[in-house]
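Per-entry structural report
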Amino acid sequence: MAGIYVHVPFCRAKCAYCDFYSIAAEKFMEPYSLAVGEEWKARRAELGGQGINTIYFGGGTPSSLPRQLFLNIARLFPLDRVEEFTIEVNPEDVNPASVSLWREAGVNRVSMGVQSLVDEELKAVGRRHSAAEALAAIECIRAGGIGNISCDLIYGLPGQTEESWLYSVRKLLSTGISHLSAYSLSYEEGTKLSKWLDEGRITPVDDDVACRMYDTLCACAAEAGFVHYEISNFALPGFESKHNSSYWDGLTPYLGLGPGAHSLDFQGVRRIVPPGLTRYIAKPAESAEIDTESELDRINDLIFVSLRTARGLDLNRLPEELRRRLLAEAQRFIEEGLLSISGDRLAIPEHHWLISDSIIRDLLLEED
């Protein structure tokens, strides 16, 4: 089975922390939707004829697309075997009509950017909704017949405290959502937030405080019955994201459509559609470029994504020589309790996930 990812590069306004490719230009929405159709026709063979079982509309803000344009894109894909169809939305776009539209298109999972349930924190990073609107949106989605709801939070926001973070986490979990994604605020080059930091207009949250926020998140999610299945993702049992999990297994092909999208074809070849909407609209069928990788690059990708998950790395996926080298590098981490090994699986214990990048960095293999 395979997945489809559609990158919708439109936002009504750019959040201060966001470095994903998106623009505020409604005039391009219709030609973009036509271009996605052309790209799909030109590239669908990259899936090798495999059936599609997940679809994910990300962005940007897919919920900003007008009704007919969204339906036009959604109807490009066969839905007969689709188990999970996700759309990313913002609270201000949620109303009974929009939820009805998404259901009509086949959507059965909504991922909503909440980020905080404290209005001052939302305003600090340019979010356009209030906490009350986010909570009302959750109820509206559920009332409209979509029960599989995922929400995003960010910890380390300007002005955020451990107390306000605890409030946001507990309040959001109490709404009955089935999935929670939570990310540490990062200051990406070129964003408004990074500029404000350089100008001294904001003070970043202390690293020790951010660590305690993460610990609070893990504890609250566990108390609510959520499984911590990837470093930033928590779900009630059975509600783990099927689409995102396919990225992490390194085996499931997925086709990324739209500027900024990535793909993995059925032969293991990776492609990327470069950001740039006007260029994409001009030649959508020729937009994807091969992302050249060596065998070692692919192995390191697998190590990186696998060790960020609860399942860990299946050592049987590695050639014998590389497996031997990896285990030699991993031994000191195993002795220190920073890695665990059970059968043929190598994993980072949950309480060390916050430092996973530093552990993984030392495990990545180099050319002899």
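Scoring rules and cut-offs
- Residues numbered from 1 in each chain as written.
- Predicted model: local features only at pLDDT ≥ 70, side-chain atom pairs only at ≥ 80, totals over all residues.
- Heavy atoms only, no water.
- Helix = DSSP H or I, 4+ residues; strand = E, 2+ residues; numbered from the N terminus.
- Buried < 20%, exposed > 50% of the residue type's maximum accessible area, 1.4 Å probe, protein only.
- Pairing = 2+ DSSP bridges.
- Axes fitted to C-alpha atoms, helices over the stretch in contact; angles between N-to-C directions.
- Contact = heavy atoms within 4.5 Å.
- Nonpolar A, V, L, I, M, F, W, Y, C, P; charged D, E, K, R; others polar.
- Phe/Tyr/Trp six-rings, centres within 6.5 Å; stacked < 30°, edge-to-face > 60°.
- Salt bridge = Lys/Arg side-chain N within 4 Å of Asp/Glu carboxyl O.

1. Remarks on the environment of Gly268
- Structurally, the position occupied by Gly268 is in the loop between strand E10 (262–264) and strand E11 (270–272).
- Residue classification places Gly268 among the partly exposed positions, given a relative accessible area of 25%.
- When the C-alpha positions of Gly268 and His243 are compared, they lie 17 Å apart, and in sequence the two are 25 residues distant.

2. Side note on the pairing of strand E9 (residues 254–257)
- Covered by surrounding structure in E9 are Tyr254 and Gly256 together with Leu255 and Leu257, the residues of both alternating faces.
- Pairing analysis gives 4 bridges linking strand E1 (residues 2–8) to E9, with the strands arranged parallel. Residue Tyr5 lies in a different strand from E9, and its bridge partner there is Gly256.

3. A look at the packing of helix H12 (residues 320–336) against helix H13 (residues 356–363)
- At a minimum axis distance of 9 Å, the contact between H12 and H13 shows a crossing angle of 140°. Along the contact surface, H12 presents Leu326, Glu329, Ala330, Arg332 and Phe333, while H13 presents Ile359, Asp362 and Leu363.
- Residue classes in the contact of H12 with H13 are distributed as 5 nonpolar, no polar and 3 charged.

4. A few points about the packing of aromatic side chains
- One pass over the structure, following the stated rule, counts 10 aromatic pairs.
- The interplanar angle of 45° and the centroid separation of 6.4 Å between the aromatic rings of Tyr32 and Tyr280 together place this pair among those described as tilted. In this pair, Tyr32 is assigned in helix H1 (residues 29–43) and Tyr280 in helix H10 (residues 277–282), connecting sequence segments 248 residues apart.
- On the accessibility criterion, Tyr32 (0% relative accessible area) is buried.
- Ring geometry for Trp40 and Phe77: centres 5.1 Å apart, planes at 85°, overall edge-to-face. Taken together, the residues Trp40 in helix H1 and Phe77 in the loop between helix H2 (67–74) and strand E3 (84–89) connect sequence positions 37 residues apart. For the residue pair Trp40 and Phe77, the accessibility class agrees, reading buried in each case.
- Each member of the aromatic cluster is reached from another via a ring pair, and the members are Phe10, Tyr32 and Tyr280.

5. Here's the deal with the environment of Asp362
- Mapped onto the elements, Asp362 comes out in helix H13.
- Asp362 gets classed as partly exposed once you look at its relative accessible area, which sits at 38%.
- Spatially, the C-alpha atom of Asp362 lies 9.8 Å from that of Phe333, the residues being 29 residues apart in sequence.
- Each residue touching Asp362, except ones within four places of it in the same chain, is listed here: Glu329, Arg332 and Phe333.

6. Remarks on the sheet that holds strand E14 (residues 340–342)
- Here we have 3 strands laid out as an open sheet, ordered E13-E15-E14, and antiparallel in their pairing. Among the strands making up the open sheet, the edge pair consists of strand E13 (313–314) and E14.
- Across the face of the sheet, H12 comes into contact with E13, E14 and strand E15 (345–347) while running at roughly 45° to E15.

7. Regarding the pattern of salt bridges
- One pass over the structure, following the stated rule, counts 18 salt bridges.
- A salt bridge links Arg43 to Glu46, with the nearest nitrogen and oxygen atoms 2.9 Å apart. Note on accessibility: Arg43 and Glu46 belong to one class, buried.
- Residue Glu295 is joined to Arg298 by a salt bridge in which the shortest nitrogen-to-oxygen separation is 3.2 Å. Taken together, the positions of Glu295 and Arg298, both in helix H11 (residues 295–306) and 3 residues apart, correspond to about one turn of that helix.
- Its relative accessible area of 44% is what places Glu295 among the partly exposed residues.
- Three or more residues joined by partner-sharing salt bridges are found here, namely Glu39, Arg43, Glu46, Asp265 and Arg271.

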